[in-house]
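Residue-level structure breakdown
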Amino acid sequence: METVEASAEATTRTHGIKLHKPEDFEGMRRAGKLAAECLDMLTPHVVPGANTEALDKLAREFVLDHGGLPACLGYRGYNHTVCISPNHVVCHGIPGERNLRDGDIVNIDVTVIVDGWHGDTSRMYPVGEIAPKARRLIDITYEALDLGLAQVKPGNTFGDIGWAIQQYVESQRCSVVRDFCGHGLGRVFHDNPNVLHFGRKGEGAVLKPGMFFTVEPMVNLGKPQVKVLNDGWTAVTRDKSLSSQCEHSVGVTEDGIEIFTASPLFRPKF
């Protein structure tokens, strides 16, 4: 795949992969920091009985109060700040009347805009006491993300990222969702490339300094197949097995990776 130079004013998806300038990293750091801090803020509120609409409101107020904009609010008709996806919801769960229950596991995904730059991240939250199989699934997902991120360096390929995630997840007798993927981002919310969480070593575009994208594996305890509900957003596992996801926004540096959405609270220890 070809690469193109990105201007600071770029606002539309391109046919190539943008190569951002060194000064663009600072914009992504600010956006990523706010996105991570939003999820940090929500942590003590994700408890049994918590209302998902109320959590969404907390996130929206936090982002606005800290100088950012909620990227999802109004995006393609979506009317919320975060996606909240419990249990067998794979992604894009819509906040609403549902209250979280003891034993749930839930993914919360937030994207913020700071001075035109996008920070996109998600993490898993245990609600009260969760079952050992749920805890194991979350640990596998975090480990898969770590292994994928370890492949992000100049000269490697996007296939290397997908391969590292897939081979580990499947070795743990779980499955990688194929219907959704990571994506380029920067001044554009969803840009090229598509970042698959499965693949073969050495295949796909070569990673180069200045590429910005997300890595966000979705891992199912059962089979990989999903379906989207009638609301047009909520994706669930077809076999109703538990699903888990975690996500970082990253940039390729001259010698490796910078994780823009890093937080000491991102990977909880049970």
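The rules behind these values
Residues numbered from 1 in each chain as written. Predicted model: local features only at pLDDT ≥ 70, side-chain atom pairs only at ≥ 80, totals over all residues. Heavy atoms only, no water. Pairing = 2+ DSSP bridges. Helix = DSSP H or I, 4+ residues; strand = E, 2+ residues; numbered from the N terminus. Core = buried A, V, L, I, M, F, W, Y, C linked by side-chain atoms within 4.5 Å. Buried < 20%, exposed > 50% of the residue type's maximum accessible area, 1.4 Å probe, protein only. Contact = heavy atoms within 4.5 Å. Expected span 1.5 Å × (residues − 1). Polar contact = N/O pair within 3.5 Å; in protein donor to acceptor, adjacent residues only side chain to side chain. Salt bridge = Lys/Arg side-chain N within 4 Å of Asp/Glu carboxyl O. Axes fitted to C-alpha atoms, helices over the stretch in contact; angles between N-to-C directions. Parallel < 35°, antiparallel > 145°, perpendicular 65-115°, else oblique. Left-handed = near helix turned anticlockwise from the far one by under 90°. Nonpolar A, V, L, I, M, F, W, Y, C, P; charged D, E, K, R; others polar. pLDDT = per-residue confidence, 0-100.

Describing the sheet that holds strand β8 (residues 175–176)
Taken together, 3 strands build an open sheet; the order of strands is β8-β12-β15 and the sheet is antiparallel. Edge strands, defined here as strands with exactly one partner in the open sheet, are β8 and β15 (243–245). Here 2 bridges tie β8 to strand β12 (residues 218–220), and the two strands are oriented antiparallel to one another. Pairing of S175 across the sheet is with N220, part of β12.

Here's the deal with the nonpolar core
By size, the foremost hydrophobic cluster in this structure holds 33 residues, and its most contacted members are F158 and F213. Put simply, the parts of the chain that give this core at least two residues each are β2 (17–19), α3 (132–149), α4 (158–171), β11 (212–215) and β16 (248–252). Examining the composition of this core, we find that 8 residues originate from one element, α3, more than from any other. Apart from the residues within four sequence positions on either side, F213 is in contact with V152, F158, I161, H183, G184, L185, V195, L207, H248, S249, V250 and V252.

Things to note about α4
Quick reminder: α-helices carry 3.6 residues per turn. Residues three or four places apart thus point the same way. Under the 1.5 Å per step criterion, the end-to-end length of α4 is 20 Å for 14 residues, consistent within 8% with the ideal 20 Å. Most of α4 is tucked away: 10 of the 14 residues are buried. Along α4, the residues classified as buried are F158, G159, D160, I161, G162, A164, I165, Q166, Y168 and V169. Check the buried side of α4 and you find it contacts β2, α3, β8, β10 (191–195), β11 and β12. With a side-chain oxygen positioned 3.3 Å from the backbone nitrogen of G159, the residue opening α4 is T157.

Looking at the environment of R178
Residue position: R178 is located in the loop between β8 and β9 (182–184). Distance from R178 to V226, taken between C-alpha atoms, is 8.8 Å for residues 48 residues apart in sequence. Here R178 is in contact with Q166, E170, F198 and P224, once residues within four sequence places are set aside. A polar side-chain atom of R178 sits 3.0 Å from the main-chain carbonyl oxygen of V176.

Thoughts on the pattern of salt bridges
Summed over all chains, the structure comprises 10 salt bridges. The shortest N-O distance in the salt bridge between D115 and R30 comes to 3.5 Å. With a gap of 85 residues between them, D115 in the loop between β6 (105–114) and β7 (117–126) and R30 in helix α1 (residues 24–42) connect regions that are remote in the sequence. A salt bridge links R98 to D104; the shortest N-O distance between them is 3.4 Å. When salt bridges that share partners are traced, they join E26, R29, R30, D115 and E258 into one network.

What to know about unusual backbone geometry
The omega torsion of the bond from N192 to P193 falls at 5°, within 30 degrees of zero and hence cis. Topologically, P193 is positioned in strand β10. A positive phi is found at R76, a non-glycine position, where the angle reads about 50°. One can find R76 in the loop between β3 (69–70) and β4 (82–86). You can call R76 exposed: its relative accessible area is 68%.

A few points about the sheet that holds strand β13 (residues 226–228)
The strand order across the open sheet built from 3 strands is β5-β14-β13, with neighbouring strands paired in antiparallel fashion. The strands lining the two open edges of the sheet, one partner per strand, are β5 (89–91) and β13. Mean inter-strand twist for the sheet, computed between neighbouring axes without regard to direction, equals 40°. In this sheet, strand β14 (residues 235–237) lies alongside β13 in antiparallel orientation, the contact comprising 3 bridges. If you follow V228 over to β14, its bridge partner there is A235.

Quick notes on the packing of α1 against helix α2 (residues 52–65)
Viewed as axis vectors pointing N to C, α1 and α2 meet at an angle of 140°, and their least axial separation amounts to 10 Å. When the axes of α1 and α2 are compared, the pair comes out oblique. Two packed elements cross with a definite hand, and for α1 against α2 that hand is right-handed. Across the interface between the two elements, L34, E37, C38, M41 and L42 of α1 pack against L55, L58, A59, F62 and V63 of α2. Of the residues contributing to the contact of α1 with α2, the split by class is 9 nonpolar, no polar and 1 charged.

Quick word on the confidence of the model for the chain
This prediction gives the chain a mean pLDDT of 94; 93% of its residues lie at or above 70. For residues 1–11, every residue scores under 50 in pLDDT, and the model assigns this stretch 25 contacts once sequence neighbours within four places are set aside.

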